[in-house]
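Spelled out, the chains give:
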Amino acid sequence: MSRAWLIGAGPGDVELMTLKATRALAQADVVLVDDLVNPDVLQFARADALVVYVGKRGGHPSTPQAGIVAMMLDHLRAGRSVARLKGGDPFVFGRGGEEQQALHEAGIDVEVVNGITAGIAAPAAIGIPVTHRDHAQGVVFVTGHGAGSAEPDWHALVATRMTLVIYMGMRRLGDIAGALLAAGMSADTPCAAIESATRPEQRHALARLGEFSQAVASAGLGSPAIVVIGGVASLALAQAVSTQAADATLHPDTDFTR
Ligand code: SAH
């Protein structure tokens, strides 16, 4: 019997993948790999597995969602086991839920293997505990990708006073910061952006909300990055901050540890 898995590969560092994920991967005949997955995790796949990259980075157009599901169904119906490998956790953004629905509609059961989501791992990589109780009663994972009708209700989110962890927010960071300020969030609110977290090329910027988008732009940070907004960002490690000391483009008031 062929099997289907939706596997979270974690945020980047191969060692942050679960044992269950590595074991499932080792059984797959076919591995469909997303953009943000560190290719090093393929060391756990069988040497003879068919590996298909379906992401849009590296100049290739992304495979449309329906095409990915169709590909999975073709392989499964031909008796091949399929591992769908996604960055972070398969059910935190990244459309794992949609793929599960589509497979269920086709009468196929899919096994979900959780991964460590970037929204927790990226802040942790610079010492930010997203729910530190001195700063927040909870954390909200929100997409920054939406605009227009898909725009999150920033006003309502500010009112929760919870830590905001924003995925896919880099392109619209200026708009988002503006919306938060307009909704009454203090311009002094500590913020962090962490790019390529848990990978060797990890970088970050820290600034207060009023200067945040400018600081991120000056530091040249881009996607993929997680944005953390709220008091917990003040806990970013002094050590992590000092690794940025050479970067004069950062706003001088970014060391919250003083
Ligand atoms: N399923 C993934 C999220 C997919 S959405 C997860 O659970 O982590 C893609 C977004 O995730 C990116 O735009 C970025 O905001 C974030 N992301 C993923 N990997 C990241 C990493 N290593 N460092 C920083 N952000 C990352």
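See the structure above.
On a predicted model such as this, the values are computed, not experimentally measured, just so you know. (Residues numbered from 1 in each chain as written. Predicted model: local features only at pLDDT ≥ 70, side-chain atom pairs only at ≥ 80, totals over all residues. Heavy atoms only, no water.)

Engineer: Even after reading the chapter, I still don't get the site of the ligand, so can you show me in this structure?
Structural biologist: Taken together, 17 residues lie around the ligand, and P11, D89, V92, T117 and A225 are the ones closest in. Within the contact set of the ligand, an oxygen atom lies 2.6 Å away from a side-chain nitrogen or oxygen of T117. Between the ligand and the protein, one listed contact pairs a nitrogen atom with a backbone N or O atom of A197 at 2.8 Å. Protein burial of the ligand: of its 550 Å² of free accessible surface, 93% is covered by the chains. A breakdown of the residues in the shell around the ligand according to their chemical character gives 12 nonpolar, 4 polar and 1 charged. (Near = heavy atom within 4 Å. Polar contact = N/O pair within 3.5 Å; in protein donor to acceptor, adjacent residues only side chain to side chain. Areas by Shrake-Rupley, 256 points an atom, 1.4 Å probe, with all protein chains shown as cover. Nonpolar A, V, L, I, M, F, W, Y, C, P; charged D, E, K, R; others polar.)

Engineer: Which parts of the structure should I look at to understand the packing of helix 2 (residues 65–77) against helix 3 (residues 96–105)?
Structural biologist: Two measures define how a pair of helices packs: the angle their axes make with one another and the distance between the axes. Direction vectors running N to C along helix 2 and helix 3 enclose 45°, while the axes themselves pass 10 Å from each other. Taken together, the axis directions place helix 2 and helix 3 in an arrangement best described as oblique. The chirality of how helix 2 crosses helix 3 is right-handed. Counted together, Q65, I68, V69, M72, L73 and L76 of helix 2 and E98, E99, A102 and L103 of helix 3 form the full contact between these two elements. The residue inventory of the contact of helix 2 with helix 3, partitioned by class, reads 7 nonpolar, 1 polar and 2 charged. (Axes fitted to C-alpha atoms, helices over the stretch in contact; angles between N-to-C directions. Helix = DSSP H or I, 4+ residues; strand = E, 2+ residues; numbered from the N terminus. Parallel < 35°, antiparallel > 145°, perpendicular 65-115°, else oblique. Left-handed = near helix turned anticlockwise from the far one by under 90°. Contact = heavy atoms within 4.5 Å.)

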